[in-house]
Amino acid sequence: MKDINGGRGCTWSRGKIFTSFIMFHLALLLLALSCYTLADAKVLLEDKFTPTYCSCFFYKGTEPTGIIPPDGARICQRFANKYRFATVYDRKRRIPTYSAYIYEAKMSVRTKWMIEPQLVSQSYSETMELERSTKIPKKLLRESQAVDEDYKSASKTYDRGHINPSLHHNDGFDSKATFTLTNVVPQNRILNQGAWKKYEEDTIRNRAEGCSRTYAIVGAIPGNNAIANRVNIPGYLWAAACCTMANHTVRAWAVIAENSNKNKVDPITIQSLEAQISQSTGGSVRLFHDDCPRNV
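Residues numbered from 1 in each chain as written. Predicted model: local features only at pLDDT ≥ 70, side-chain atom pairs only at ≥ 80, totals over all residues. Heavy atoms only, no water.

- The protein is annotated in an unreviewed UniProt entry as Endonuclease domain-containing 1 protein from Pleurodeles waltl.

Take a look at the structure:
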């Protein structure tokens, strides 16, 4: 068969190019489906999210860098036999550093609070469980993560603030999966029910209009205080998103809010947000793949 490149550069035949085209798109399909397989979900103590079954929650399969705390654990959050989102959990402070997910706002389905068994030991279940029915000894559970009792002690001032919001999903099981204590932080009640709620319900929906897929990352910058002398109260909450458009362009935005009754959410560039998070982590933070705009 004649070389379709005239003997220059690549020398693939039409048949090889067609085969490569099919294999490339099959690989993309497998990546998209990887979050929804029945393979084992793991708390990744050493491995990275990418390339793993959690890759599809990150823009171009690229997880943030410079943001993992010293005692952090990556959790590919599994519920009802599917991977629902990705979380980095700070085991020392007992709060998530961030959660990454695909934004598809449609519904909010509530359920009882769950815990992550594998934070206790990787010999336990790979699927989140209801705290009230788990057979894990309470002492071991408390040593590994936040529990329901922690939040009850400060319920007049702090809500269980979702990092990955339940209302940012179009699947009921995805929404329920956000009700794990590895996905919430002590959030100032006024902020949670005020300006932050407006961002979760209105602002992100308006910003994501026209996006074919929106990759969201929401996180917390640790503070200097704790509830129950166990669970860190974040100093700031932040949210960032990178979305692909139908015309193959990419849009990005970010916000940050002091976790207080100031009740204010401020827009910020991705680059400025990364710099502010870096001050806390001591690392050089990059939230998205380099193709995502950082200065708009």
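1. Some details on the overall build of the protein
For step 1, the next point in the chain: The secondary structure content of the protein amounts to seven helices and 14 strands.
For step 2, the next point in the chain: Counting over 296 residues, the protein shows a buried share of 48%.
For step 3, the next point in the chain: Contacts in the protein between residues far apart in sequence, at least 24 positions, make up 62% of those at least 6 positions apart.
For step 4, the next point in the chain: When the accessible area of the protein is evaluated, it comes to approximately 14,500 Å², of which 51% is carbon and sulfur surface. (Helix = DSSP H or I, 4+ residues; strand = E, 2+ residues; numbered from the N terminus. Buried < 20%, exposed > 50% of the residue type's maximum accessible area, 1.4 Å probe, protein only. Contact = heavy atoms within 4.5 Å. Areas by Shrake-Rupley, 256 points an atom, 1.4 Å probe, with all protein chains shown as cover.)

2. Remarks on the sheet that holds strand β2 (residues 72–79)
For step 1, the next point in the chain: Taken in spatial order, the eight strands of this open sheet run β1-β2-β3-β4-β9-β12-β13-β14, and their pairing is antiparallel. The sheet is open, and its two borders are formed by β1 (43–44) and β14 (266–268), each paired with just one other strand.
For step 2, the next point in the chain: Bridge count between strand β3 (residues 82–90) and strand β4 (residues 95–102): five bridges; the pairing is antiparallel. Paired with aspartate 90 across the strands is isoleucine 95, a residue of β4.
For step 3, the next point in the chain: Where helix α6 (residues 195–207) meets the sheet, it contacts β9 (211–221), β12 (236–245) and β13 (250–258), and its direction lies at approximately 170° from that of β13.
For step 4, the next point in the chain: Most of the contacts of helix α7 (residues 270–281) go to β12, to which it runs at about 145°, and overall it touches β9, β12, β13 and β14. (Pairing = 2+ DSSP bridges. Axes fitted to C-alpha atoms, helices over the stretch in contact; angles between N-to-C directions.)

3. Observations regarding the pairing of β13
For step 1, the next point in the chain: Inspection of the sheet shows β12 paired to β13 by nine bridges, in the antiparallel sense. In the sheet register, tryptophan 238 faces β13, and the bridge partner there is isoleucine 256.
For step 2, the next point in the chain: Where β12 hands over to β13, the hairpin turn is made up of four residues, of which histidine 248 adopts a positive phi near 75°.
For step 3, the next point in the chain: Pairing analysis gives three bridges linking β13 to β14, with the strands arranged antiparallel. Note that in β14 the partner of isoleucine 256 across the bridge is aspartate 266.

4. Considerations on the packing of aromatic side chains
Aromatic ring pairs are described here by two measures, namely the spacing of the ring centres and the angle between the planes.
For step 1, the next point in the chain: Applying the stated criterion across every chain, the model contains five aromatic pairs.
For step 2, the next point in the chain: Here phenylalanine 49 and phenylalanine 58 contribute two aromatic rings whose centre-to-centre distance is 5.5 Å and whose plane-to-plane angle is 35°, an arrangement assigned as tilted. (Phe/Tyr/Trp six-rings, centres within 6.5 Å; stacked < 30°, edge-to-face > 60°.)

5. Some details on the state of the cysteines
For step 1, the next point in the chain: A full pass over the atoms with the stated rule returns three disulfides.
For step 2, the next point in the chain: Each sulfur in the disulfide pair cysteine 54 and cysteine 76 lies 2.0 Å from the other. The disulfide joining cysteine 54 to cysteine 76 has a torsion of about 115° about its S-S bond and is therefore right-handed. Placement of cysteine 54 in the loop between β1 and β2 and of cysteine 76 in strand β2 is noted, with a sequence separation of 22 residues between them.
For step 3, the next point in the chain: The exposure class of cysteine 54 is buried, given its relative accessible area of 0%.
For step 4, the next point in the chain: Overall, the relative accessible area of 2% leaves cysteine 76 in the buried class.
For step 5, the next point in the chain: Here cysteine 242 pairs with cysteine 292 through a disulfide, and the sulfurs are 2.3 Å apart. (Disulfide = S-S within 2.5 Å.)

6. Let's talk about the side chain of asparagine 192
For step 1, the next point in the chain: With respect to the secondary-structure elements, asparagine 192 resides in helix α5 (residues 189–192).
For step 2, the next point in the chain: For asparagine 192, a relative accessible area of 15% corresponds to the buried category.
For step 3, the next point in the chain: Every residue in contact with asparagine 192, bar those within four places of it in the chain, is listed here: Asp159, Gly161, Gln187 and Lys197.

7. What about the confidence of the model for the protein?
For step 1, the next point in the chain: For the protein, mean pLDDT is 86; residues scoring 70 or higher make up 85% of the total.
For step 2, the next point in the chain: Overall, residues 1–34 carries pLDDT values under 50, and its contacts beyond four positions in sequence, including any with other chains, amount to 22 contacts.
For step 3, the next point in the chain: Predicted confidence for residues 36–41 stays below pLDDT 50, and this span has 20 contacts to residues more than four positions away or in other chains. (pLDDT = per-residue confidence, 0-100.)

8. Observations regarding the side chain of arginine 230
For step 1, the next point in the chain: One can find arginine 230 in the loop between β10 (225–227) and β11 (231–233).
For step 2, the next point in the chain: Polar contacts involving the side chain of arginine 230 include one to the side chain of aspartate 150, which spans 2.8 Å.
For step 3, the next point in the chain: Arginine 230 has contacts with Lys92, Arg93, Arg94, Arg142, Gln145, Ala146, Val147 and Asp150, leaving out every residue within four places of it along the chain. (Polar contact = N/O pair within 3.5 Å; in protein donor to acceptor, adjacent residues only side chain to side chain.)

9. Description of the pattern of salt bridges
For step 1, the next point in the chain: Summed over the entire model, instances satisfying the criterion amount to 21 salt bridges.
For step 2, the next point in the chain: As a salt-bridge pair, aspartate 174 and arginine 84 come within 2.9 Å of each other at their nearest N and O atoms. Here the residue aspartate 174 occupies a position in helix α4 (residues 172–177), and arginine 84 occupies one in strand β3, the gap between them amounting to 90 residues.
For step 3, the next point in the chain: Overall, aspartate 174 belongs to the buried group, its relative accessible area being 7%.
For step 4, the next point in the chain: Between aspartate 290 and arginine 286 there is a salt bridge whose closest N-O contact spans 2.6 Å.
For step 5, the next point in the chain: Using a relative accessible area of 27% as the deciding quantity, one classes arginine 286 as partly exposed.
For step 6, the next point in the chain: Taken together, the shared-partner salt bridges connect Lys138, Arg142, Glu149, Asp150 and Arg230 into one network. (Salt bridge = Lys/Arg side-chain N within 4 Å of Asp/Glu carboxyl O.)

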